[in-house]
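In case you want the letters, here they are:
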Amino acid sequence: MEYFQSIDWMTMLNCFIVGGILCVIGQILIDKTKLTPARILVIYVTVGAILGGIGIYQKLIDFAGCGATVPLTGFGANLAKGALEAVKEQGLLGAFIGGVKASAGGIAAAVFFGYIASLVAKPKIKKQ
Amino acid sequence: MKKLGKQTLQLDNSPSILNTASIVGPKEMNGPLAKYFDKCVEDEFWGEASWEKAESKFIKETVSTALGKADVSSQDIDYVFAGDLLNQCISSSFGIRDSNIPFFGLFGACSTFVEGLCLGSVFMDSGACKNILCATSSHFCSAEKQFRFPLELGNQRTPTSQWTVTGSGAAVLGKKDSGPYITHITPGMIVDLGIKDANNMGAAMAPAALSTLCAHFEDTGRNPDYYDAIITGDLGYLGKDILIDLAKTKGYDIASNYNDCGVLIFDKKKQDTHSGGSGCACVATVFSGYLYKMMLEGNIKKLLLIATGALTNSTTSQQGESIPGIAHAVSIEM
């Protein structure tokens, strides 16, 4: 019961709405433009990095939590954030080191779990 | 054999299509034509380790079914014309490597089946051959992997994209006193109007279908009413509508007796394939399964079969090249 009381329901709603809107934009891009999913993916990361770099994306993260960090734009923002912080500590070299350093957990986890999934799962034909 | 006009050959010793066979995959077995196919396979791997192996098995089994139905042994086949969508036509060469039949590997993208029928009929018309085998295959999963994105990526398909048919079709040509006979062939020219979207093949191929359709009518002096059915390979819903409109501008009204294999093979409402079927196996299975039986039953006496192909690969589409289309036609009559 205490656990449920501790949940911030407003943040959860914000998370749901912001994450959902980011996905809806992606869906519209697939349906209405000739962009391939791979290009949309790259656009999302790039836009996230730009918005993160100029400080706008952090406001979205404060508002929506995981709704802003989990989508690909969050990965881009994290790259930018890491790069900026590293520049402060290490100078210009940090721009090349910081981004990947800050995202290292996500990247390594993606490789690790992707590998595990490829061992136990087999891709199937699509239903539609 | 006589050349008519610019593109068409009229065959004097028209080969008869002795028999056909078709085997399809899980999506096709739930489609409206399921009962016409010889076999429906529920598992897209068909017990194999990869989709490529499965596709080779499709063509191998279809060829052996066709030979069995035509009551012709593989020693009595002079040449086989086969092709598919995978690089270097590996499905066909791997599927046919144990058969000991002289082999021509063809690539005409989704038009390959009719390209094979064209070449096979000319070999038959020469009088030197007893039997010719034509076969093609395609597989949804192997085609997505090669031409679009690997299925592991879980990408969504765009609204204009077509569904590559999983399966294989084969036809045995021979000499016989009864039809259906291949009477004319009209190989097509490459037509490229600059469509670049690899997910909109129907629009890219429709102008090629129009070119071959018009050439066939001009060369033979026939008109659309001559045929009981005019069937294109795999233009899908979009391409079908485009071709009807384009043909009208050239003065041919084909709306009443025209249809497309990519439209026929799936149920538009229930199966959500977006823009219909495609692939080398689309025209091959629909002809071998459905249209051939319609001809034997007398429902279609004169058929103009036009298979369309998009002559593209993943490198050219990544480099932003447009999609050259091609269409080959055969006139099949009882």
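About the criteria used
- Per chain, the residues get numbers from 1 upward, laid out in the order the sequence is written.
- Each chain gets a letter, beginning with A, and each ligand a number, beginning with 1, in the order they are written.
- Residue-level local features of this predicted model are given only where pLDDT is at least 70; pairs of side-chain atoms are given and counted only at 80 or more, and the full residue set underlies all totals for whole chains, interfaces and linings.
- Side-chain numbers come from the whole structure's heavy atoms, not from hydrogens or water.
- Strands here mean DSSP runs of E at least two residues long; helices mean DSSP runs of H or I at least four residues long; both are numbered from the N terminus.
- When we talk radius of gyration, it's over C-alpha atoms, and the globule rule is simply 2.2 Å times the number of residues to the 0.38.
- Each residue's exposure class comes from its accessible area (1.4 Å probe, protein chains only) as a fraction of the maximum for that residue type: buried when under 20%, exposed when over 50%, partly exposed otherwise.
- Should any heavy atoms of two residues lie within 4.5 Å, those residues are considered in contact.
- Computed with the Shrake-Rupley method and a 1.4 Å probe, the accessible areas treat only the protein chains shown as cover for residues.
- Counted as positive: Lys and Arg. Counted as negative: Asp and Glu. His and the chain ends are not counted at all.
- Every charge is mapped onto a representative atom, which is NZ of Lys, CZ of Arg, CG of Asp or CD of Glu.
- Strands are labelled as partners when DSSP assigns at least two bridges between them.
- Here a crossover is taken to be right-handed if, once the strands point away from the viewer, the path from the first strand over the helix to the second is traced clockwise.
- By convention a nonpolar core is built from buried Ala, Val, Leu, Ile, Met, Phe, Trp, Tyr and Cys residues, the set being connected through side-chain atoms within 4.5 Å.
- Domain boundaries shown here were taken from an automatic or database domain assignment.
- Note on aromatic pairs: the rings of Phe, Tyr and Trp (six-membered ring only in Trp) are paired at centre separations within 6.5 Å, and the planes decide the class, stacked below 30 degrees, edge-to-face beyond 60, tilted for the rest.
- Like charges within 9 Å and nonpolar side chains (Val, Leu, Ile, Met, Phe, Trp, Tyr) within 5 Å are joined into patches, using only residues over 30% in relative accessible area that form no salt bridge.
- Salt bridge, as used here, is a side-chain nitrogen of Lys or Arg placed within 4 Å of a carboxyl oxygen of Asp or Glu.
- Here's the idea: put two parts together, see how much 1.4 Å probe accessible area each one loses, and the total over both is what we call buried area.
- In protein, a polar contact requires one atom able to donate a hydrogen and another able to accept it; more generally it is a pair of N or O atoms within 3.5 Å, and residues adjacent in sequence count only if both atoms are side-chain atoms.
- Note on residue classes: Ala, Val, Leu, Ile, Met, Phe, Trp, Tyr, Cys and Pro are nonpolar, Asp, Glu, Lys and Arg are charged, and everything else, Gly too, is polar.

A.B. asks: How should the overall build of chain B be read in this particular structure?
C.D. replies: Looking only at helices and strands, chain B has eleven helices and 15 strands in total. Taken against the 2.2 N^0.38 rule, which gives 20 Å for 334 residues, the C-alpha radius of gyration of chain B at 18 Å falls within 12% of a compact globule. Overall, chain B is about 50 × 50 × 35 Å in size when its C-alpha atoms are taken along their principal axes. Every one of the 334 residues in chain B was classed for burial, and the buried ones make up 63%. Nonlocal contacts in chain B, meaning residues at least 24 apart in sequence, comprise 77% of its contacts between residues at least 6 apart. A total of about 12,300 Å² of accessible surface is found on chain B, and carbon and sulfur atoms cover 49% of it. Of the charged side chains in chain B, 28 are positive and 36 negative, and the gap between their average positions amounts to 2 Å.

A.B. asks: I keep staring at unusual backbone geometry and nothing clicks. Help me out?
C.D. replies: If a residue is not glycine, its phi is most likely negative; likewise, a peptide bond is most likely trans. All names here are of chain B. Cis geometry is found at the peptide bond from Gly-179 to Pro-180, where omega equals 0 degrees. With respect to the element layout, Pro-180 can be found in the loop between β9 (167–174) and β10 (181–186). Positive phi outside glycine occurs at Gln-88, with the angle close to 60 degrees. With respect to the helices and strands, Gln-88 occurs in the loop between β5 (79–83) and α3 (90–96). Phi is positive for Ala-109, close to 50 degrees, though the residue is something other than glycine. Considering the arrangement of structural elements, one finds Ala-109 in the loop between β6 (103–106) and α4 (112–125). When its relative accessible area of 1% is taken as the criterion, Ala-109 is described as buried.

A.B. asks: What should I look at first to understand the pairing of β6(B) in this one?
C.D. replies: Residues and elements named next belong to chain B. Bridge count between β5 and β6: four bridges; the pairing is parallel. Paired with Gly-83 across the bridge in β6 is Leu-106. Read as a crossover between parallel neighbours, the route from β5 over α3 to β6 is right-handed.

A.B. asks: I keep staring at the nonpolar core and nothing clicks. Help me out?
C.D. replies: A general tendency of soluble globular proteins is for nonpolar side chains to be buried together. All names here are of chain B. Core analysis: the largest hydrophobic core is formed by 51 residues, its most contacted members being Leu-303 and Leu-305. With eleven residues, helix α10 (residues 280–296) is the single largest residue contributor to this core. Per-domain counts for this core show at least three residues from each of domain 1 (2–174) and domain 2 (182–333). Discounting residues that sit within four places of it in the chain, Leu-303 has contacts with Tyr-227, Ala-229, Ile-231, Phe-287, Leu-291, Met-295, Val-330, Ser-331 and Ile-332.

A.B. asks: How do you make sense of the packing of aromatic side chains when you look at a structure like this?
C.D. replies: Any pair of aromatic rings gets described here by the distance separating the centres and the angle formed by the planes. Residue and element names in this part refer to chain B. Under the criterion given, the structure shown has 14 aromatic pairs over all chains. When the ring of Tyr-226 is compared with that of Tyr-227, the centres are 5.1 Å apart and the planes differ by 80 degrees; the resulting orientation is edge-to-face. Among the aromatic residues, those joined into a cluster by ring pairs are Tyr-79, Phe-81, Phe-104 and Phe-123.

A.B. asks: Quick question: what am I supposed to make of a nonpolar patch on the surface here?
C.D. replies: Residue and element names in this part refer to chain A. On the surface, Leu-41, Val-42, Leu-72, Phe-75, Val-100, Ile-107 and Val-111 cluster together into a nonpolar patch covering about 570 Å² of accessible area. Looking at the nonpolar patch, the elements that each hand over two or more residues are α3 (37–53), α6 (72–90) and α7 (94–120). Counting residues per element, the nonpolar patch draws most heavily on α7, at three residues.

A.B. asks: What am I meant to see in the domain arrangement of chain B here?
C.D. replies: Frequently, the measure chosen for interface size is the accessible area that the parts lose on association. Residues and elements named next belong to chain B. Taken domain by domain, chain B holds domain 1 (2–174) and domain 2 (182–333). On a C-alpha basis, the centres of domain 1 and domain 2 stand 17 Å from each other. At the interface, 62 residues of domain 1 touch 63 residues of domain 2. Here domain 1 and domain 2 share an interface that buries about 4,900 Å² over both sides, 63% of which is from carbon and sulfur atoms. Among the residues domain 1 hides against domain 2, the three largest losses belong to Gln-7, Tyr-36 and Gln-162. Together they make up 16% of the total. The interface formed by domain 1 and domain 2 includes zero salt bridges. At the junction of domain 1 with domain 2, the criterion picks out 26 residue pairs in polar contact (both at pLDDT 80 or more). Looking at the side of domain 1 that touches domain 2, the elements that each hand over two or more residues are β2 (8–10), β3 (16–24), α1 (26–29), α4, β7 (132–138), α5 (140–147), β8 (163–164) and β9. By residue class, the composition of the side of domain 1 that touches domain 2 is 28 nonpolar, 26 polar and eight charged.

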